[in-house]
Structures are given as C-alpha cells and as structure tokens.
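# Remarks on the overall topology
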Amino acid sequence: MRKVTKHNVVRRQSFSDRLLDLMRKYTNQNLTAAEIIAELVAMAKEVAADANRGQQFNPALSNNELAFYDAGAAKETVRELVGDDQLAAIARDLVKAVRRNLSTDWTTRDDGQAKLRSIIKRLLAKHGYPPEEQPDTIQKVIEQLETFADEWSPAADR
C-alpha cells in the first residue's frame, strides 16, 4: 500500500477487510474472476485517491494527521455528532501533543502510556468528543500511535 496508508491503522484495516471479503466471495464462487479483477482495480484507484484525501480540509491534513483523523472518526455516529472540521482540529492537536510528549520507551513503560492516554482524553474532552466514545477512541489512537513509534521516538532524532 502507498505511504498514505502505511501508518493509517483504520484505512489499512478497511482495505484488508474488503480484500478478504472479495477473496471469500471468489472462493465461494459468488464472484467471477473478471468481477474480482474489476473490484481490485476499483480498490487500487481508491488507494491512489486516498493520497489526496487530506486536501479536502482547510487547512489540509498531512498524512500523519489524516491517520489520527481516521482513528477519531472510525465510527460514523461520531462523525455526525462532532463534525469533520472538529475531528480535523482534534487530529492536528493530537499529532502536536503526542509528538511533544513521547518518551523513548513509551511503548514499554506503563507510566508513559498512562501519560499519553491522559493527554488524549483531555484533548478529546476539550474538543467536545462524546464521552461514551472516548475509551474506544483512546485505544484506537494509541494503536495508531504505535505505528509511528520508531519514526517519532526521541531516539530516532539522534
């Protein structure tokens, strides 16, 4: 997959699930080889278009910010309640906050993860994110953050 989906847990899982579903349909003979090829071509076009998806926001979201936007917008009900602009603002703030507060060993130390969870929770609350959706979203953001661990680690800057 392209760089845009490399770190994006939500999009990567979505494409993976769709690909598995296509293969299942083909195996069960619900789709012909020609139909599978057509679906794969459509998915490839969608992945290519995904690279420009951040441009729809003002200001545009970087690929990193877009990955956190998707983590926060994973549930359609949240997108309806919070709105795309607010979710984009959350994503921008999340990237800034977590990059500022990462420690070298945050992935292995409970206190480092607890600090990040607290920062994420405060940020979500500040932006009016629905409280009942916060636990799942915090977990998704941490999962998303883990994909950036090697690149964003303070040790990687040396």
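Keep in mind the model is a prediction, meaning the values are calculated, not measured. (Residues numbered from 1 in each chain as written. Predicted model: local features only at pLDDT ≥ 70, side-chain atom pairs only at ≥ 80, totals over all residues. Heavy atoms only, no water.)

### Comments concerning the nonpolar core
Membership of the largest hydrophobic core comes to 33 residues, with the highest contact counts inside it found for Phe68, Tyr69, Leu87, Ile120, Leu145 and Trp152. Of all elements in the fold, only α4 (63-72), α5 (76-82), α6 (84-101), α7 (110-126), α8 (134-147) and α9 (149-152) reach the threshold of two or more residues within this core. If you tally residues by element for this core, the top one is α6, at 8 residues. Listed in part, the 6 residues of the second largest apolar core include Leu22, Leu31, Ile36 and Val47. (Core = buried A, V, L, I, M, F, W, Y, C linked by side-chain atoms within 4.5 Å. Buried < 20%, exposed > 50% of the residue type's maximum accessible area, 1.4 Å probe, protein only. Helix = DSSP H or I, 4+ residues; strand = E, 2+ residues; numbered from the N terminus.)

### A look at the packing of α7 against α8
With their axes 10 Å apart at the nearest point, α7 and α8 run at an angle of 125° to one another. If you check the angle between α7 and α8, you find them oblique. Our pair here, α7 against α8, has a crossing hand that is right-handed. Here Leu116, Arg117, Ile120, Lys121, Leu124 and Ala125 of α7 come into contact with α8, specifically with Gln134, Thr137, Ile138, Gln139, Val141, Ile142 and Leu145. A per-class count over the contact of α7 with α8 returns 8 nonpolar, 3 polar and 2 charged. (Axes fitted to C-alpha atoms, helices over the stretch in contact; angles between N-to-C directions. Parallel < 35°, antiparallel > 145°, perpendicular 65-115°, else oblique. Left-handed = near helix turned anticlockwise from the far one by under 90°. Contact = heavy atoms within 4.5 Å. Nonpolar A, V, L, I, M, F, W, Y, C, P; charged D, E, K, R; others polar.)

### Some thoughts on the packing of aromatic side chains
This model, assessed by the stated rule, comprises 2 aromatic pairs. Judged by centre distance (5.7 Å) and plane angle (20°), the ring pair of phenylalanine 68 and phenylalanine 148 falls under stacked. In this pair, phenylalanine 68 sits in helix α4 while phenylalanine 148 sits in the loop between α8 and α9, placing the two residues 80 residues apart along the sequence. (Phe/Tyr/Trp six-rings, centres within 6.5 Å; stacked < 30°, edge-to-face > 60°.)

### Digging into the pattern of salt bridges
Enumeration over the complete set of coordinates arrives at 11 salt bridges. The partner of glutamate 133 in a salt bridge is lysine 75, with the nearest N and O atoms 2.9 Å apart. Here the residue glutamate 133 occupies a position in the loop between α7 and α8, and lysine 75 occupies one in the loop between α4 and α5, the gap between them amounting to 58 residues. Here arginine 79 makes a salt bridge to glutamate 76, at a shortest N to O gap of 3.9 Å. Here arginine 79 and its partner glutamate 76 are both found in helix α5, 3 residues apart, which amounts to about one turn of the helix. On the basis of relative accessibility, which here comes to 30%, the residue arginine 79 falls in the partly exposed class. When salt bridges that share partners are traced, they join Arg11, Arg18, Glu46, Asp50, Arg53 and Asp70 into one network. (Salt bridge = Lys/Arg side-chain N within 4 Å of Asp/Glu carboxyl O.)

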